[in-house]
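Chain and residue survey
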Amino acid sequence: MIRHFLMKLLRSAAQRRLVEAVDPSARLAAANADYRDVSLAVVATRRDAVEPLCERLEGAVATAGAGFELRLGKLIGQRTVVAVDDRECVADATSSVILAHQPALVVAVGLATALVKQLSRGDLVLAESFVAQGEEVVRIDLRPNTQNSVHVGRLLSITALPKAAKSRLEMADEFGVLAADSSAYGVARACRELQCPMMAAHVVTMEVDDQRPADVEHMLEQRSWAGRAGALLGGVTRRPGAATDLWNRQQQLWQAGERLAEVVVQLLPASPSSKSSA
């Protein structure tokens, strides 16, 4: 189990280094020329949230520029851009993607922590509005067909989420939200400023009462795959059961990514004036 997990981390790190080694100027220029006026732009701050989606892209091109990673390819024959950036710069990355690729629709995808008892792990949250501490509410025009385990409501973007269930419930009451993520507010703000239609889909990976072991939390806080591999080895050395916890968490993240990929695929035919390649 540990060997398999480490190999996955190392492969992902190698793929990222390959992307970063590409000269972004020429590669981005060619990619931008081929992928302007795309049907969909997907924005995320976690690579594991979009890995299953990226695997579905046909003829995918991987590149990097302006501090974020890009995957460009065709999803069900329609040109699609997937951007991954860290939470601090996601608004700038979204603006860059909109200006360069002119998407018909931007979709912010990610993982969320439930702030109300009604949400369970694996549930899907579709945001109709967004809020961040000290910021005004950003609303979007969302009229989804709700199904079982699909919830519609406000999403809170926050970098340091309280660990106590009581504090999370109080935060839900204060902001009128269902769940919390780290970055959707920045995407929504950029889309509002550039008048680009958007949606946001997040899968709940932690319920309001959930607490992760400290070593699992430490590994997930690592921004690089190499850092995660080091945290994994350190955690297993200190607590052998950490390997099982980390494996289960990674499987949960993959399942969440698979569900987000399905959501994105379903959005393609419904995206405003869907644009396919000639």
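Located above this text is the structure these notes cover.
Since this is a predicted model, take the numbers as computed values, not measurements. (Residues numbered from 1 in each chain as written. Predicted model: local features only at pLDDT ≥ 70, side-chain atom pairs only at ≥ 80, totals over all residues. Heavy atoms only, no water.)

**Re the side chain of D85**
If you trace the backbone, D85 turns up in the loop between β4 (78-84) and α4 (90-101). On the basis of relative accessible area, D85 is assigned to the buried category, the value being 6%. With sequence-adjacent residues up to four places away left out, D85 is seen in contact with A44, T45, G67, F68, V90 and A93. (Helix = DSSP H or I, 4+ residues; strand = E, 2+ residues; numbered from the N terminus. Buried < 20%, exposed > 50% of the residue type's maximum accessible area, 1.4 Å probe, protein only. Contact = heavy atoms within 4.5 Å.)

**Focus: the pattern of salt bridges**
Using the criterion set out here, one finds nine salt bridges in the structure. A salt bridge links D209 to K117; its shortest N-O distance comes to 2.7 Å. Pair noted here: D209 is in the loop between β10 (198-206) and α7 (214-221) and K117 is in the loop between β5 (105-114) and β6 (124-132), with a separation of 92 residues, a long-range link. In this structure D209 comes out as partly exposed when scored by relative accessible area, which is 45%. Residue classification places K117 among the exposed residues on the basis of a relative accessible area of 52%. Here E207 and R121 are joined by a salt bridge, their closest N and O atoms 3.8 Å apart. With E207 in the loop between β10 and α7 and R121 in the loop between β5 and β6, this pair connects stretches of sequence that are 86 residues apart. (Salt bridge = Lys/Arg side-chain N within 4 Å of Asp/Glu carboxyl O.)

**Some remarks on the packing of α4 against helix α6 (residues 184-193)**
Remark: α4 packs on α6, axes separated minimally by 8 Å, with the N-to-C direction vectors making an angle of 40 degrees. With respect to each other, α4 and α6 are oriented oblique. Between α4 and α6 lies a crossing of right-handed hand. Listed contacts from α6 to V90, A91, T94, S95 and I98 of α4 are G186, V187, R189, A190 and C191. Of the residues that constitute the contact of α4 with α6, the class distribution is six nonpolar, three polar and one charged. (Axes fitted to C-alpha atoms, helices over the stretch in contact; angles between N-to-C directions. Parallel < 35°, antiparallel > 145°, perpendicular 65-115°, else oblique. Left-handed = near helix turned anticlockwise from the far one by under 90°. Nonpolar A, V, L, I, M, F, W, Y, C, P; charged D, E, K, R; others polar.)

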